[in-house]
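As a plain string of letters, each chain reads:
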Amino acid sequence: MKPDLFQSPDYYNLDDLLTDEHKLVRESARAWVKREVSPIIEEYAQKAEFPKQIIKGLGEIGGFGPYIPVEYGGAGLDQISYGLIMQEIERGDSGVRSTSSVQSSLVMYPIWKYGNEEQRMKYLPKLATGELIGCFGLTEPDHGSDPGSMITNFKDMGDHYLLNGAKMWISNAPFADIAVVWAKNEEGRIHGLIVERGMDGFTTPETHNKWSLRASATGELIFDNVKVPKENLLPNKSGLGAPLGCLDSARYGIAWGAIGAAMDCYDTALRYAKERIQFGKPIGGTQLQQKKLAEMITEITKAQLLTWRLGVLRNEGKATTAQISMAKRNNVDMAIHIAREARQMLGGMGITGEYSIMRHMMNLESVITYEGTHDIHLLITGMDVTGIPAFKS
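Reading guide: rules and limits
- Residues numbered from 1 in each chain as written.
- Predicted model: local features only at pLDDT ≥ 70, side-chain atom pairs only at ≥ 80, totals over all residues.
- Heavy atoms only, no water.
- UniProt positions renumbered as here; feature names shortened; annotations may be inferred.
- Helix = DSSP H or I, 4+ residues; strand = E, 2+ residues; numbered from the N terminus.
- Expected span 1.5 Å × (residues − 1).
- Polar contact = N/O pair within 3.5 Å; in protein donor to acceptor, adjacent residues only side chain to side chain.
- Patch = residues over 30% accessible without salt bridge, like charges linked within 9 Å, V, L, I, M, F, W, Y side chains within 5 Å.
- Areas by Shrake-Rupley, 256 points an atom, 1.4 Å probe, with all protein chains shown as cover.
- Salt bridge = Lys/Arg side-chain N within 4 Å of Asp/Glu carboxyl O.
- Core = buried A, V, L, I, M, F, W, Y, C linked by side-chain atoms within 4.5 Å.
- Buried < 20%, exposed > 50% of the residue type's maximum accessible area, 1.4 Å probe, protein only.
- Contact = heavy atoms within 4.5 Å.
- Axes fitted to C-alpha atoms, helices over the stretch in contact; angles between N-to-C directions.
- Parallel < 35°, antiparallel > 145°, perpendicular 65-115°, else oblique.
- Nonpolar A, V, L, I, M, F, W, Y, C, P; charged D, E, K, R; others polar.
- Left-handed = near helix turned anticlockwise from the far one by under 90°.
- Pairing = 2+ DSSP bridges.

Looking at an unreviewed UniProt entry, one finds the protein named glutaryl-CoA dehydrogenase (ETF), with Flavobacterium cutihirudinis as its source organism. The UniProt entry for the protein carries the following comment under Cofactor (unreviewed entry): "FAD". One UniProt comment on the protein, placed under Catalytic activity (unreviewed entry), says "glutaryl-CoA + oxidized [electron-transfer flavoprotein] + 2 H(+) = (2E)-butenoyl-CoA + reduced [electron-transfer flavoprotein] + CO2".

Next up on the list: helix H4 (residues 79–92). Relative to the 20 Å expected for 14 residues at 1.5 Å per residue, H4 spans 20 Å between its end C-alpha atoms, a close match to the ideal helical length. Its side-chain oxygen placed 3.4 Å from the backbone nitrogen of Ile80, Asp78 serves as the N-cap of H4.

Looking now at a nonpolar patch on the surface. A surface patch of nonpolar side chains, amounting to about 450 Å² of accessible area, comprises Tyr11, Tyr12, Leu17 and Leu305. By the secondary structure assignment, Leu305 is in helix H8 (residues 287–315).

What follows concerns the nonpolar core. Counting 64 residues, the largest nonpolar core has Ile111, Leu124, Leu127 and Trp182 as its most contacted members. Top element by residues in this core is helix H5 (residues 94–114). It accounts for nine residues. Discounting residues that sit within four places of it in the chain, Ile111 has contacts with Gln119, Arg120, Tyr123, Leu124, Leu127, Ile178, Val180, Ile194 and Leu234. Listed in part, the 35 residues of the second largest apolar core include Ala269, Ile336, Ala339 and Val367.

Here the UniProt feature "domain: Acyl-CoA dehydrogenase/oxidase N-terminal" (unreviewed entry) sits at residues 19–131. When the span residues 19–131 is considered, its composition is 70% helix and 0% strand, and the gap between its end C-alpha atoms is 30 Å.

Mapped onto this structure's residue numbering, the UniProt feature "domain: Acyl-CoA dehydrogenase/oxidase C-terminal" (unreviewed entry) falls at residues 238–383. End-to-end, the C-alpha atoms of residues 238–383 are 24 Å apart, and along that stretch the chain is 75% helix and 3% strand.

Let's shift gears to unusual backbone geometry. A positive phi angle, close to 75°, is found at Asn172, a residue other than glycine. You can see Asn172 is positioned in the loop between strand S3 (160–171) and strand S4 (178–184). Taking relative accessible area as the criterion, Asn172 reaches 0% and is therefore assigned buried. One non-glycine residue, Asn225, lies in the positive phi region at around 55°.

At a closest axis distance of 7 Å, the pairing of H4 and H5 adopts a crossing angle of 150°. Relative to H5, H4 is oriented roughly antiparallel. Contacts from Tyr82, Met86, Ile89 and Glu90 in H4 reach Ser94, Val96, Arg97, Ser100, Ser101, Ser104 and Ser105 in H5. Taken together, the residues of the contact of H4 with H5 break down into four nonpolar, five polar and two charged.

Before going further, it helps to examine the side chain of Gln304. Tracing the chain through its elements places Gln304 in helix H8. Given a relative accessible area of 9%, Gln304 falls into the buried group. Discounting residues that sit within four places of it in the chain, Gln304 has contacts with Pro9, Leu14, Ile259 and Met263.

Here we take up the pattern of salt bridges. Any two side chains of opposite charge can pair, on the condition that their charged atoms come close. As enumerated under the stated definition, the model contains 22 salt bridges in all. Between Glu88 and Arg30 there is a salt bridge; the shortest N-O distance is 2.8 Å. Pair noted here: Glu88 is in helix H4 and Arg30 is in helix H1 (residues 20–37), with a separation of 58 residues, a long-range link. Arg30 matches Glu88 in its accessibility class, with the two residues each being buried. For the salt bridge of Asp93 with Arg359, the shortest nitrogen-to-oxygen distance reads 2.7 Å. Of the two residues, Asp93 is situated in the loop between H4 and H5 and Arg359 in helix H10 (residues 357–367); the sequence distance between them amounts to 266 residues. You'll find Asp93 and Arg359 in the same group, each marked buried. Taken together, the salt bridges that share partners define one network made up of Asp15, Arg26, Glu27, Arg30 and Glu88.

Packing of helix H7 (residues 241–275) against H8 brings their axes to within 10 Å, and their N-to-C directions diverge by 155°. Here H7 is positioned roughly antiparallel relative to H8, judged by the angle of their axes. The two elements H7 and H8 meet at a crossing, and its hand is left-handed. Only Leu293, Met296, Ile297, Ile300, Ala303, Gln304, Thr307, Trp308, Leu310, Gly311 and Arg314 of H8 make contact with H7, whose side of the interface consists of Asp248, Ser249, Tyr252, Ala255, Trp256, Ile259, Ala262, Met263, Tyr266, Ala269, Leu270 and Ala273. Split by residue class, the contact of H7 with H8 holds 17 nonpolar, four polar and two charged.

Moving on, we come to the pairing of S4. A large share of S4 lies buried, amounting to seven of its seven residues. Of the two faces of S4, the one holding Ile178, Val180, Trp182 and Lys184 and the one holding Ala179, Val181 and Ala183 are both buried throughout. Where strand S1 (residues 134–137) lies against S4, four bridges are found, and the strand directions are parallel. By the bridge assignment for S4, Gly134 is matched with Ile178. Sheet topology note: the S4/strand S5 (residues 190–196) ladder contains seven bridges and is antiparallel.

Structure (structure tokens):
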């Protein structure tokens, strides 16, 4: 395994905008990724296996719910710290960041925000350390961009709820201990339910043959007359806005994470361009390669400024869903274009596991689709500026 020589680009001195705590959090996550993720990730991607041994370390660096209050086991950090952690983890691998952000924003966040005190104390401390791993069930086989049309449902049976349906494309599903599942009650209102592994009728078959996020475990959630205790219903918010609120937090983390993948591709391509000799000089001395590198660092810098400002707005409670959509769409699109350009700069070497670029490129093909597709996020911005929804009849 080649040593991890990553150096983070900071063309506009954005570190001046960060606090000492922000930088300490980032450096801790970066050092952990270099030590625990980089040496093994290519092997696990090739095997299409999630490295479960890193779960404890993810908890230790704040990878699980860093903004959750300390009394519930979180680190009580701000939103910029959360973003920086996601950036560093995705610099290592998008699939590892998926595990982290699902646990943080799609499992811990709804229990914290929509759950009661008993639920918070029961689940959050163990989720924060990784003793428990969770997943989030919203997308269904026939309902992706239109989650409000879900058919997963539950009925009130007196002393429990009876849950039926299926969810698809669920990160962490194959080994998750709990699932935060969104389903309709008998009146058609969407609610969140905490479903625990071991409940009769609850199964989590794994999704195989993926060309993307290969080091992440993906699966389905199948509910066949699952008896869910009434105390497992999240009581403090219902309707489609509840899961969408979780997705705001997750999409915000993705906006930061994509920068990490882009920076890794840029850093790899820059180093290669300085070392690779063709026609008697480094390829980095040619105009075409300099054009690629100059455009990469420009786009990374713009994305860094976008997410930093969004983080400030999140800390102030002012960030809108549409602003988060813009950042998620822009930054993932930026990252995937940088990955493709970097791959070309490395020529044939760019497709091998000796370098991270091809793995990032394949991973980003999922990131550009999940938690709101590239096109849907465009329409969210379009609706926000015109006031006219284009994705509804």
